[in-house]
Amino acid sequence: MIAIKMRFLAGRLHATPWGHHVNEGVVEYPPSLFRLLRSLIATARRACLNEVTEEQLRRIVAALRTPPEFHLPLAAVAHTRHYDNAHGTPKKQTDGKITVVDIPFFFDTFVALGPQDELSWVWHEANLDEADRVALATLLTALGTFGRAESWCEAELLGDGEVEGLSANLEINSLPFDSTTSLSGQETIRLLMPHEELDADKLMKVLETDTSTMRKNKQLEPTGTHWVTYARPAGILTPRQFSPERRRSKTKTVTLVAHYALDSTVLPLVQDSLPFAEQVRRALIRNRVDTSHSEAITGKLTDGTPLEGHEHAHYFPTDEDHDGRIDHITIYAPRGFDEGDLEALGSLRTIFRSGNRPEVRMVLTGLGGQEMLSDVSIFGKEVSIFAEARRWRSVTPFSLPRFPNRGGGKPPRPRDLPEGQLIRELKNRGLPEPVSIKRVKGYQVEGRPLVRWLEFHTTRYNGTKGNGLAGFEIEFPEPVRGPIAVGFACHFGLGLFLPVS
């Protein structure tokens, strides 16, 4: 028994049946034995001159001349169109311009398969000795393409153990049609085969016949061939959507963090942290396949109800080179991102901004799980939003979630003061109460002017905003791990703290 497996790496098998023009849009599925044997001979001549002798090639071709049986994976017929502008008809328009009309075009029809799908050829009665099997395996490894040059393929000869497993598990779904069997659920296709009774020399002569010679002799079909009707499952070429196979790690890891570097002729100011974070979130929502819903990215259920807790995505724009402009953004979701989220994160390239402001290009510099948290650094390796520290300082304003004034001229209650609201927000995040809280006026890095909290944009696109702004430098009784972002719009860059080194 001889069995061959083929995979088409580009998901395309370009195989126009013998006697048809490529523009007819007809495909050959399963492929004909005549095509395989000619491909093996061509490969031997082209790539295996010193590895496969002529005698071995003859024995291999002779052993494979009987009609094989097939396992055909599900596939579809697809095509592309190629327009030949150089041979169109120039036509003068009423405004004097010349345009080209009646442009001829050509179909490129092919069988579309999944790149991981395997097409199998099986000869139950064929046999080769060990040396010839090695030669056949060498030819198949060197095959490279099958059909047209666009049909990149990997072919391999199955070993004895694999053949036994193949016999037990593989479904043969296409074989020569026998008039005694039913065609229920089947359809037929004609394939060109060499005559089985030809000896090895005549068979080689038939397979090596050049098509130009046949045209010169006005032959429609090669001498020494005949048509064999095959049955295959009806609808095996029905269009369907293929899902690309994903490589999965044996150890399942959850992606929590995506870190981007930003590039633009004019980067956003740190004061624009909130609107820029919202733009990134919107871009990710659009990037989801078919704009499907993601709770991690949106922070909402499918009916629009906001999620409780803070397990969904936080968007942290940061200024890592101390120039007062946002040059990085970290997206962190404690619940983790699913596969659709990862595709959206991976395809995030550009953020377009309104008001004739230049676009911001996004470069994904890090994507990972828990192990990556300590590697995401802000303001150098010593300072990270995921670091562990006792002292933390505001880099964006803490936007108060509650209105602090009781009205009627009454002073605010201590719990509603900015410090009181900060303590409550930290407690809600499971953090200890700070042992010291000191107000700071704004965002400032060395060598740059102070950016007061009032200069930050603190109103969301939906019109909501907090109830006042404040900034702090706080100290905990013991080191705590970041990120620390609390208060209104803390998922969009406000209320962010960084460790004080």
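Within each chain, residues carry numbers counting from 1 in the order of the written sequence. Only residues with pLDDT of at least 70 are given local features in this predicted model, and only at 80 or more are side-chain atom pairs given and counted; all residues enter the totals for whole chains, interfaces and linings. The side-chain figures draw on all heavy atoms in the structure; neither hydrogens nor water molecules are used.

Draft legend 1. Quick look at the packing of aromatic side chains. Pairing of aromatic side chains requires ring centres within 6.5 Å, counting the rings of Phe and Tyr and the six-membered ring of Trp. Pairs whose planes differ by under 30 degrees are stacked, by over 60 edge-to-face, and all others tilted. Per the stated rule, a full pass over the model turns up eleven aromatic pairs. For the pair F105 and F107, a centre-to-centre distance of 5.6 Å together with 85° between the ring planes defines the contact as edge-to-face. Only protein chains enter the calculation, and the probe is 1.4 Å; a residue is then buried if its accessible area is under 20% of its type maximum, exposed if over 50%, and partly exposed in between. Classification of F107 by relative accessible area gives partly exposed; the value is 24%. In this scheme, the term charge over a ring applies when either NZ of a lysine or CZ of an arginine sits within 6 Å of the ring centre and within 35 degrees of the ring normal. In this structure, R12 packs its charged tip against the face of F110, placed 4.1 Å from the ring centre.

Draft legend 2. Region of interest: the sheet that holds strand β1 (residues 2-8). Overall, antiparallel pairing links the four strands, which are arranged β3-β8-β1-β9 in an open sheet. Unpaired on one side and paired on the other, β3 (69-71) and β9 (153-157) mark the two borders of the sheet. If you compare each strand with its neighbour and ignore which way they point, the axes differ by 20° on average. Pairs of strands are assigned from DSSP output, requiring at least two bridges between the strands. A helix here means a DSSP run of H or I that spans at least four residues, while a strand means a run of E at least two residues long, and both kinds are numbered starting from the N terminus. Across three bridges, β3 lies against strand β8 (residues 119-123) in antiparallel orientation. Considered in β8, the bridge of F70 is made with W121. Contacts are assigned to residue pairs with any non-hydrogen atoms lying within 4.5 Å of each other. Between N-to-C directions, angles span 0 to 180 degrees; the directions come from axes that are lines fitted to C-alpha atoms, helices contributing only their stretch in contact. Seen against the sheet, helix α3 (residues 130-141) touches β1 and β9 and runs at an angle of roughly 170° to β9.

Draft legend 3. Spotlight on the pairing of strand β24 (residues 472-481). In this structure, strand β18 (residues 388-394) lies alongside β24, joined through five bridges in antiparallel fashion. By the bridge assignment for β24, E388 is matched with R481. Of the pairings in the sheet, the one linking strand β20 (residues 436-439) to β24 comprises four bridges and is antiparallel in character. Directly across from S436, in β24, lies its bridge partner E475.

Draft legend 4. Looking closely at the layout of surface pockets. In this structure, the largest pocket spans a volume of roughly 720 Å³. In terms of lining residues, the largest pocket is bounded by 27 residues, among which T16, W18, R35, R38 and T211 are the most central. The nonpolar class holds Ala, Val, Leu, Ile, Met, Phe, Trp, Tyr, Cys and Pro. Asp, Glu, Lys and Arg form the charged class, and all remaining residues, Gly among them, are polar. Its residues assigned to classes, the lining of the largest pocket shows ten nonpolar, eleven polar and six charged. Detection works on a 1 Å grid of protein atoms alone, calling trapped sets that fit a 1.4 Å probe cavities and calling open sets with protein on both sides within 12 Å along at least five of seven lines pockets, with lining residues defined by an atom within 4 Å of a point. Grid points are joined across faces, edges and corners, and a volume is the space filled by probe spheres set on the points. Roughly 470 Å³ of internal volume is contained in the second largest pocket. Lining of the second largest pocket is provided by 26 residues; of these, H312, R460, A489, H491 and F492 occupy positions nearest its centre. Residues belonging to the lining of the second largest pocket are distributed by class as follows: eleven nonpolar, ten polar and five charged.

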